[in-house]
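Read off the chains here:
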Amino acid sequence: MCRWAAYIGSPIYLEELVSKPDHSLIAQSISANECKTATNADGFGVAWYGNRTEPGLYRDTHPAWSDPNLRSLTHQVQSGLFLAHVRASTGTATSRNNCHPFTSSCWSFMHNGQVGGFDSFRRRADMLIPDALYHERKGATDSEALFLIAKAEGLYDDPKGAMQRAVGQMEALSREHGTTPHMRLAAAFTCGQRLFVVRYASDERAPTVYTHSDGNGRLVVSEPLHGGCDWEAIPAGSFCTFTADDAQIESFVPVN
């Protein structure tokens, strides 16, 4: 499994989530508290938005704690919307193309979870990605495939519906050709204006997601970055739409 953190609100330095808190994302890469694997050392990535439509992106295969460039970048860069991720592979290779977040035009996407038995139906999943988008399939993960399928399903005009259809198709493939757990999903994605978050599982063990608002912005995380404030657990089976000052939580049911 993996750990991630996302933020939307008044611009802050990326280090406010990535490295400064007591239980920062870098700290979670060494020792996570609410994760199947305590160590998340199979790469990392950050995607952030500034004055351009497309996000900036920095990813690498080193453990997050060992990369001085990550600390330097997050110390200097401010953003009002960004995603950060540390990876624990569920089977695919440790490579830059398999590190989250994944980006496509204005979109960025990151995921914690798994699609059961993905290796046994990877070709079938890839066939759900249309030719017009397939050149963006750089890696081999279930996460990137899910992202591109959702984009093909109309992510820009219908974020919730597109993700419901993409998850439904991937879960159906797992039920027919894969193994349990068929789907465990905690994902965050954005096109630069709103932050969308999904928490869902085909069983009773959806990956954890928490949120906190401090009046200046909204944090959404796999596990709390620090104590001393109220973190709200997002219920399983939820689709959330966040802006800097608003939160909408709806039910999420995959559609196939």
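Above: the structure in question.
If you're wondering where the values come from, they're calculated on a predicted model, not measured in any experiment. Sequence order as written defines the numbering, with residues in each chain counted from 1. Where totals are concerned, whole chains, interfaces and linings use all residues; where local detail is concerned, this predicted model gives features only for residues with pLDDT of at least 70, and gives and counts side-chain atom pairs only at 80 or more. As a convention, hydrogens and water are excluded, and side-chain values are obtained from all of the structure's heavy atoms.

Chemist: Looking at this model, I keep getting lost on the overall build of the protein. Mind explaining?
Modeler: The helix count covers DSSP runs of H or I at least four residues long, the strand count covers runs of E at least two residues long, and both are numbered beginning at the N terminus. Helices and strands together make up the secondary structure of the protein, namely seven helices and 13 strands. We compute the radius of gyration from the C-alpha atoms alone; for a globule the expected value is 2.2 Å times N to the 0.38, where N is the number of residues. For the protein, the C-alpha radius of gyration of 17 Å lies close to 18 Å, the compact-globule estimate for 256 residues. Dimensions of the protein, computed from C-alpha atoms along their principal axes, come out at roughly 45 × 35 × 35 Å. By sequence separation, contacts in the protein at least 24 residues apart represent 65% of the contacts at least 6 residues apart. The contact criterion used throughout is that any non-hydrogen atoms of two residues lie within 4.5 Å.

Chemist: What should I look at first to understand the pattern of salt bridges in this one?
Modeler: Pairing between side chains of opposite charge can happen when the charged atoms of each approach one another. By convention in these notes, a salt bridge is any Lys or Arg side-chain nitrogen within 4 Å of a carboxyl oxygen on Asp or Glu. Tallied over the entire structure, the rule returns eleven salt bridges. Arg96 is the salt-bridge partner of Asp60, the closest N and O atoms lying 3.1 Å from each other. Taken together, the residues span a long stretch of sequence, with Asp60 in strand E3 (residues 56-60) and Arg96 in the loop between strand E4 (78-86) and strand E5 (102-104) at a distance of 36 residues. Only protein chains enter the accessibility calculation, which uses a 1.4 Å probe; a residue whose area is less than 20% of its type maximum is buried, one above 50% is exposed, and one in between is partly exposed. What makes Asp60 buried here is its relative accessible area of 12%. The exposure class of Arg96 is partly exposed, given its relative accessible area of 46%. Asp158 is the partner of Arg165 in a salt bridge, and the nearest nitrogen-oxygen pair spans 3.5 Å.

Chemist: Any chance you could explain the state of the cysteines here in plain terms?
Modeler: In protein structure, a disulfide is the covalent linkage between the sulfur atoms of two cysteines. Disulfide assignment relies on a single distance test, namely cysteine sulfur atoms paired within 2.5 Å. Applying the stated rule across the entire model yields one disulfide. The disulfide partner of Cys106 is Cys191, and the gap between their sulfur atoms is 1.6 Å. In this structure, the disulfide formed by Cys106 and Cys191 twists by about -55° around the S-S bond and is classed as left-handed. Of this pair, Cys106 sits in the loop between E5 and strand E6 (107-114) while Cys191 sits in the loop between strand E7 (184-190) and strand E8 (195-201), and the two are 85 residues apart along the sequence. Summarising the burial analysis for this pair, Cys106 and Cys191 share the class buried. We note that Cys99 lacks a disulfide partner, and the nearest cysteine sulfur, in Cys2, lies 9.4 Å from it.

Chemist: What is the right way to read the pairing of strand E12 (residues 238-242) from this model?
Modeler: The two faces of a sheet get side chains in turn, since along a regular strand they alternate between them. Summarising burial for E12: five of the five residues are buried, a large majority. Residues Ser238, Cys240 and Phe242 of E12 are buried on one face, and the alternating residues Phe239 and Thr241, pointing to the opposite face, are buried as well. Two strands pair if DSSP finds at least two bridges between them. By the bridge criterion, five bridges tie E12 to strand E13 (residues 247-251) in an arrangement that is antiparallel. The residue bridging Phe242 from the neighbouring strand is Ala247, located in E13. Hairpin geometry of E12 and E13 is characterised by an intervening segment of four residues between the two adjacent antiparallel strands.

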